[in-house]
Amino acid sequence: MLTQKLVDYGLDTHEAEIYVFLSSIGPAPARVIARKFNFNRMKAYRTLKSLEKKGLIQSTISRPIKFVASPLEAVINRQLTETKMQLSNMEKNQSNIIEEWKKIIKTNSQQLEEPRFRIYQGRQEIYDLMLQMCNRASKNIYLVTTVNDLNRLSYMGLEDQLKACLKKNIRIRILTDIQKDTISEVEAYNTSANVRHLKLPTPIRSLIIDEKEALTTTSMEESINFTTQSDVGLWTTASNFVVAMRIFYEAVWDLSTDSDARIQYLETGILPTTLQTIHDIEEGYSKIREMVKQSTNKLDILVNDLRSITLSYFDLEEAAKKGVKVRLLTHVDEFNLDDISMLSKIVQIKESFTEFNLELVFKDGKELLRIYPLSETGRNIVWSNILPHVETLGIVYEEYWKRGIELESQIKWIQQKNLMNTLKQSLLKMGENAIEKILQNEKIIDSVGKEHVFELIITKRVSSQPLCINIVTEKDVFNKILVLGANRNELNNFKLVLLSWESFKAEEKRLAELYRIQLISESNISKITEKILQL
Amino acid sequence: MKSTDSVKQVLSSIKNTNHVVLFYDSIQSKKNFLYSFLAEGLENCKGIIYIYFDETYDAIRQDLKNIGIDVEPNELSKNIIIKKYDEWYIEKGKVDIDKIMGYWKSALKNFEEKGLGAHAVGETACFFKLGKVRELLRYEYALHKTLDLPMEAVCAYNLKTVIETGYTDVIMPVIRAHGKAIFVSDNGTIIIEPEEVEVTDIEKLLDIEI
């Protein structure tokens, strides 16, 4: 159609339609044009003036002014000549213009740094882009992708491209998921890049070039098909985005495993000697469970609260069934007493004397996991199989174990502590008139200003000497008498009482008398209450 | 029935080659017992040796004079030997058990030549204050419950020092290292005989080599 062809020669649609109309009807005033094309008079005039300016129509000297189409051949010839001249001028000025533009971009480089984003679809298109990006690299090439992808990229020439980059001293890093059946593919890249192992739960691909551009997958499938359209990536030069990706990459790089060490592990089953930092607490717990599962000989655990490391009875039972000797240092209290009692049938347990929030798990004396206390940087977890490191902390564990309290004593102490609460209630009830006040787990100050904590401090209405009562177990009674005895002279203003649910030995009674300490041994709360009220 | 004993009763129960531990709760109760023990020694033709830590040389000499002991001539004739802990137990910060045994043997030989027995007292608080408790236990067990040396020896432990330095748990092993344990306070004195315990158990418990 003629109208369309004229549009190709640079007219707009209305201009082309008016020219064709005037050519077919001959001279016509603006009013006729306006009516024909349903324009207002002003728009008709503007379009006609534009056509006149381009030399496509001419106006007649008449009233009203009429417009007539010029011969098309002349118009086209003139147009061609003008275009040719314009082209010739453009060619002539090309180098000058580029020079001038370069001057501008040197002084106004921000114009170039405007971030650009583009979605690339199709594997071929993405691979072409990746090769171009590598070609543009001047310092670093950071790639994370699957081994299958590396394999496909080999066919596209990535290996050779990387070798060339290496010659230009470009640092090349590749993170990929190395498995037993993909070792040879990875080894092919080992000569041109620093390759490390990273477990990739899903196929991903990212390529970061210097701090200038990055490509990241938005969807990727793992077939060998080079023409698939299911491969989609986002490419950008947005510096913030690129730098952020690079920071993530470097953080992940630090957590990854050296490819040689990984290959050695896959081929021999021997773990590389390393120290690994784990920042995610859940990952740490999962590592503990893995260590428990893999243990064959012994497990040594130090943990303030067994529940905090989410280690279950069944995990430890599994280990014990395999003949693994499990030692557990933890805090035993009235709330976990049932669990601990059940666990003690399969595990050797001691009450940990330390309040320091350090958690340690040793596997077979060869691996160690250490959970540091919560700090500003979160909870840091370190796993290591570096033998001197494991052995050094093993010595610390042994020392802690030696100083741990036997479970039996601890359980007895908890039971007695619970009874102390009952005793307090009984004293309040039976001694309502005689007792002024009862304090539990409070301190008193002796005559030289030293503090002493007692489990019960009873002030009677009629006596000026408060009763200071501590509970003792069969095992610690002798030492408890001596501890009080050593300070007896400074505690002369108090009546000191040691209470046991079991009877005292003759030598303990003599020692208590020497230091003027009252001993009460009864198993019945009412009788104990009566004896205390009589003191 | 009174369960505490008089100092005299307790002293009469200490015989030659007895290795005794004394726990005292105050300097005064220590003096009451130890000076009686030393005075009784001199009265019964025994030389006396005092290894001290709590007080000064001059203070001890004065105290001995105060209870009627003729200190100067006895010191000159070496019937009384008063030594500071760092001349006997912990020399230049080190505990050398063989050397300590050597000192005892040499002093006792000297007494023996004059026909004297020996009453010896050693204050042990220095081991606690200077962090040498494991060495002390090795030394105590090396002496054995019954001494191989011809003397009556009292190892004097300051109960407050033991407890305040955090070594309450070593009290029982210390008692077991001795044949008799004496406790003194302002309220009296008692003596108890420790139960028999295998040395190997102590070694395991304390991680020391005896």
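Note that this is a predicted model, so its numbers are computed, not measured. (Residues numbered from 1 in each chain as written. Chains lettered and ligands numbered in written order. Predicted model: local features only at pLDDT ≥ 70, side-chain atom pairs only at ≥ 80, totals over all residues.)

**Student:** Is there a simple way to think about the overall build of chain B in this case?
**Tutor:** Counting its regular elements, chain B contains eleven helices and nine strands. When contacts within chain B are restricted to residue pairs at least 6 apart in sequence, long-range pairs at least 24 apart make up 80% of them. (Helix = DSSP H or I, 4+ residues; strand = E, 2+ residues; numbered from the N terminus. Contact = placed C-beta atoms within 7 Å.)

**Student:** Got a minute to help me understand the overall build of chain A in this structure?
**Tutor:** Across its full length, chain A holds 20 helices and 24 strands. Buried residues in chain A amount to 27% of all 535 residues. Residue pairs at least 24 apart in sequence account for 62% of intrachain contacts in chain A once pairs closer than 6 positions are excluded. (Buried ≥ 20, exposed ≤ 12 C-beta atoms within 10 Å, placed from the backbone.)

**Student:** Would you mind showing me how to read the pairing of strand S6 (residues 117-123) of chain B here?
**Tutor:** As a general feature of sheets, a regular strand has side chains that alternate between the two faces. Residues and elements named next belong to chain B. The buried fraction of S6 is high, at six of seven residues. Here six bridges tie strand S2 (residues 46-52) to S6, and the two strands are oriented parallel to one another. Note on S6: the bridge partner recorded for Ile48 is His119. Taken together, the five bridges between S6 and strand S7 (residues 152-158) define a ladder with parallel strand orientation. The residue of S7 that forms the bridge with Val121 is Val154. (Pairing = 2+ DSSP bridges.)

**Student:** Whenever I open this one, the interface of chain B and chain A confuses me. Can you help?
**Tutor:** When the parts of a complex come together, some accessible area is lost, and that lost area is often used as the size of the interface. Taken together, the contact pairs 17 residues of chain B with 16 residues of chain A. Those elements that provide at least two residues to the side of chain B that touches chain A are helix H9 (159-164), helix H10 (171-177), strand S8 (180-185) and strand S9 (188-192) of chain B. Considered class by class, the residues forming the side of chain B that touches chain A number seven nonpolar, seven polar and three charged. (Nonpolar A, V, L, I, M, F, W, Y, C, P; charged D, E, K, R; others polar.)

**Student:** Explain helix H4 (residues 41-53) of chain A to me, please; I cannot follow it from the model alone.
**Tutor:** Residues and elements named next belong to chain A. Between its first and last C-alpha, H4 extends 18 Å over 13 residues, near the 18 Å set by a 1.5 Å rise per residue. For H4, the full list of buried residues reads Ala44, Thr47, Leu48 and Leu51. Buried residues in H4, looked at end-on, bunch into an arc of 100 degrees, giving them a common side. Looking at H4, the residues exposed on the side facing more than 90 degrees away from the buried face are Met42 and Lys53. Where H4 is buried, its residues meet helix H2 (13-25), helix H3 (30-37), strand S2 (57-59) and strand S3 (66-69). Following H4 by one or two positions, Gly55 adopts a phi angle in the positive range, close to 80 degrees. (Expected span 1.5 Å × (residues − 1). Arc of directions from axis to C-beta.)

**Student:** Just to check I follow, could you spell out the nonpolar core for this structure?
**Tutor:** Note on soluble globular proteins: their nonpolar side chains tend to be buried together. In this structure, Ile481(A), Val21(B), Leu22(B), Val121(B), Val154(B) and Tyr157(B) are the most contacted members of the largest nonpolar core, which totals 89 residues. Per-element tally for this core: the top contributor is helix H18 (residues 477-486) of chain A, with six residues. Not counting residues up to four positions away in its chain, the partners in contact with Val154(B) are Val20(B), Leu22(B), Leu34(B), Phe37(B) and Val121(B). The next biggest cluster of nonpolar side chains, apart from the first, holds 32 residues, and it includes Cys134(A), Cys165(A), Ile178(A) and Ile208(A). (Core = buried A, V, L, I, M, F, W, Y, C linked by C-beta atoms within 7 Å.)

**Student:** What should I look at first to understand the sheet that holds strand S9 (residues 213-219) of chain A in this one?
**Tutor:** In sheet architecture, strand pairing relies on hydrogen bonds along the backbone and comes in two forms, parallel and antiparallel. A sheet is described by the order of its strands in space; here eight strands give the open sequence S4-S10-S9-S8-S5-S6-S7-S11 (chain A), paired in mixed fashion. Edge positions in the open sheet fall to strand S4 (117-121) and strand S11 (257-258) of chain A, since each of these has one partner strand only.

**Student:** How do you make sense of the pairing of strand S8 (residues 206-209) of chain A when you look at a structure like this?
**Tutor:** Residue and element names in this part refer to chain A. Two elements, strand S5 (residues 140-144) and S8, share four bridges in a ladder whose sense is antiparallel. Its bridge partner being in S8, Ile141 is matched across the sheet by Ile209. Sheet analysis places S8 next to S9, joined by four bridges and oriented antiparallel. Residue pairing in the sheet places Leu207 in a bridge with Leu215 of S9.

**Student:** Please explain unusual backbone geometry as it appears in this structure.
**Tutor:** Across the chain, the bulk of peptide bonds are trans and the bulk of non-glycine residues have phi less than zero. One non-glycine residue, Asp210(A), lies in positive phi territory at about 45 degrees. Along the chain, Asp210(A) falls in the loop between S8 and S9. Judged by the 17 C-beta atoms lying within 10 Å of it, Asp210(A) is partly exposed. Unlike most non-glycine residues, Thr17(B) shows phi in positive territory, near 70 degrees. Relative to the elements of secondary structure, Thr17(B) occurs in the loop between helix H1 (7-12) and strand S1 (19-24). A count of 15 C-beta atoms within 10 Å places Thr17(B) in the partly exposed class.

**Student:** Sorry if this is basic, but what is going on with the sheet that holds S3(A) here?
**Tutor:** All names here are of chain A. Read from one edge to the other, the open sheet built from three strands follows the order S1-S3-S2, with strand pairing classed as antiparallel. Two strands lie at the open edges of the sheet, namely strand S1 (28-29) and S2, each paired on one side alone. Both S2 and S3 contribute to a ladder of three bridges, which runs antiparallel. Note that in S3 the partner of Ser59 across the bridge is Phe67. Across the sheet, H2 touches S1, S2 and S3, and the angle it forms with S3 is around 90 degrees. (Axes fitted to C-alpha atoms, helices over the stretch in contact; angles between N-to-C directions.)

**Student:** Got a minute to help me understand the packing of H3(A) against H4(A) in this structure?
**Tutor:** Between two packed helices, the angle of one axis relative to the other and the distance separating the axes together describe the packing. All names here are of chain A. At their nearest, the axes of H3 and H4 sit 9 Å apart, and the two run at 110 degrees to each other. The angle between H3 and H4 places the two elements in the roughly perpendicular class. Across the interface between the two elements, Ala30, Arg31, Ile33 and Ala34 of H3 pack against Arg41, Ala44, Tyr45 and Leu48 of H4. Looking at side-chain class alone, the contact of H3 with H4 contains six nonpolar, no polar and two charged residues. (Parallel < 35°, antiparallel > 145°, perpendicular 65-115°, else oblique.)

**Student:** What exactly am I supposed to notice about the packing of H18(A) against helix H19 (residues 506-514) of chain A here?
**Tutor:** All names here are of chain A. Direction vectors running N to C along H18 and H19 enclose 10 degrees, while the axes themselves pass 10 Å from each other. The pairing of H18 with H19 is recorded here as roughly parallel in orientation. Mapping the contact onto sequence places Val477, Phe478, Ile481 and Gly485 in H18 and Glu508, Leu511, Ala512 and Leu514 in H19. Split into classes, the residues belonging to the contact of H18 with H19 amount to six nonpolar, one polar and one charged.

**Student:** So what exactly am I meant to see when it comes to the environment of Val448(A) here?
**Tutor:** Residues and elements named next belong to chain A. You can see Val448 is positioned in the loop between strand S20 (435-445) and strand S21 (451-460). By C-beta crowding, Val448 is classed as exposed, having 8 other C-beta atoms within 10 Å. On a C-alpha basis, the gap between Val448 and Leu491 in space is 9.1 Å, while along the polypeptide they are 43 residues apart.

**Student:** Any chance you could explain the confidence of the model for chain B here in plain terms?
**Tutor:** Note that predicted coordinates carrying low pLDDT should not be read in detail. Per-residue confidence for chain B averages 89 on the pLDDT scale, and 90% of its residues sit at or above 70. For this predicted complex, the interface score ipTM comes out at 0.89, alongside a pTM of 0.54. (pLDDT = per-residue confidence, 0-100.)

**Student:** Explanation requested: the environment of Glu152(B) in the structure shown.
**Tutor:** Residue and element names in this part refer to chain B. Here Glu152 lies in strand S7. By the C-beta count within 10 Å, which is 24 here, Glu152 ends up buried. Taking the C-alpha atoms as reference points, Glu152 and Val20, separated by 132 residues in sequence, lie 7.9 Å from one another. Those residues in contact with Glu152 that sit more than four places away from it in its chain are Ile14, Lys15, Asn16, Asn18 and His119.

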